[in-house]
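Observations on the model geometry
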Amino acid sequence: MADITITLEDGPTGGRYVAVVDGHEAEMTFSKAGTNRIIIDHTVVPKELGGKGVGVALVKRAVEDARENGVKIIPLCPFAKAQIGKHTEWQDVLA
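First things first, this report covers the structure right here in the doc. (Residues numbered from 1 in each chain as written. Predicted model: local features only at pLDDT ≥ 70, side-chain atom pairs only at ≥ 80, totals over all residues. Heavy atoms only, no water.)

Turning next to the overall build of the chain. Assigned secondary structure in the chain consists of two helices and five strands. A compact globule built from 95 residues should have a C-alpha radius of gyration of about 12 Å, and the chain, at 12 Å, falls within 12% of that. Expressed as lengths along the three principal axes of its C-alpha atoms, the size of the chain is roughly 35 × 30 × 20 Å. Each of the 95 residues in the chain was classed as buried or not, and the buried ones make up 37%. For the chain, the computed accessible surface area is about 5,400 Å², with 51% contributed by carbon and sulfur atoms. (Helix = DSSP H or I, 4+ residues; strand = E, 2+ residues; numbered from the N terminus. Rg over C-alpha atoms; globule rule 2.2 N^0.38 Å. Buried < 20%, exposed > 50% of the residue type's maximum accessible area, 1.4 Å probe, protein only. Areas by Shrake-Rupley, 256 points an atom, 1.4 Å probe, with all protein chains shown as cover.)

Applying the stated rule across the entire model yields one aromatic pair. Here the aromatic rings of Y17 and F30 are separated by 5.7 Å at their centres, their planes lie at 40°, and the arrangement is tilted. One end of the pair, Y17, is in strand β2 (residues 14-21); the other, F30, is in strand β3 (residues 24-32), with 13 residues separating them in the sequence. Accessibility classification places Y17 together with F30 in one group, the buried group. (Phe/Tyr/Trp six-rings, centres within 6.5 Å; stacked < 30°, edge-to-face > 60°.)

Take the environment of H42 next. In this fold, H42 is placed in strand β4 (residues 37-44). Overall, the relative accessible area of 41% leaves H42 in the partly exposed class. Separated by 42 residues in the primary sequence, H42 and I84 have C-alpha atoms spaced 14 Å apart. Other than its neighbours up to four places away in sequence, H42 contacts E27, M28, T29 and C77. (Contact = heavy atoms within 4.5 Å.)

In this section: the pairing of β3. Relative to β3, β2 runs antiparallel, the two being bridged by eight bridges. Looking at the pairing, A19 lines up with A26 of β3. Counted along the chain from β2 to the antiparallel partner β3, the turn is two residues long, and its residue D22 has a positive phi close to 50°. Alignment of β3 against β4, held across six bridges, turns out to be antiparallel. (Pairing = 2+ DSSP bridges.)

Any functional reading would require information that these geometric values do not contain.
Structure representation (structure tokens):
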């Protein structure tokens, strides 16, 4: 699969990462827990995008942003938690 473009919609109390691939939207939502933690609470990837790495790309982007901004992640979403668990190189951002 080609590079997946992900946009961040960031608000005062939370936001979401969004990927639109082949006309289908996948998202991962988060809430802010203070100024240096986010809680990833939900990931949705439509069946049309299943197996294309879109969900993993969403989590990876959140990890990259967390590192860049000095933020820690609390992964309440089972998918995000599993992906961070599988990628030991991402675990430095866990709260």
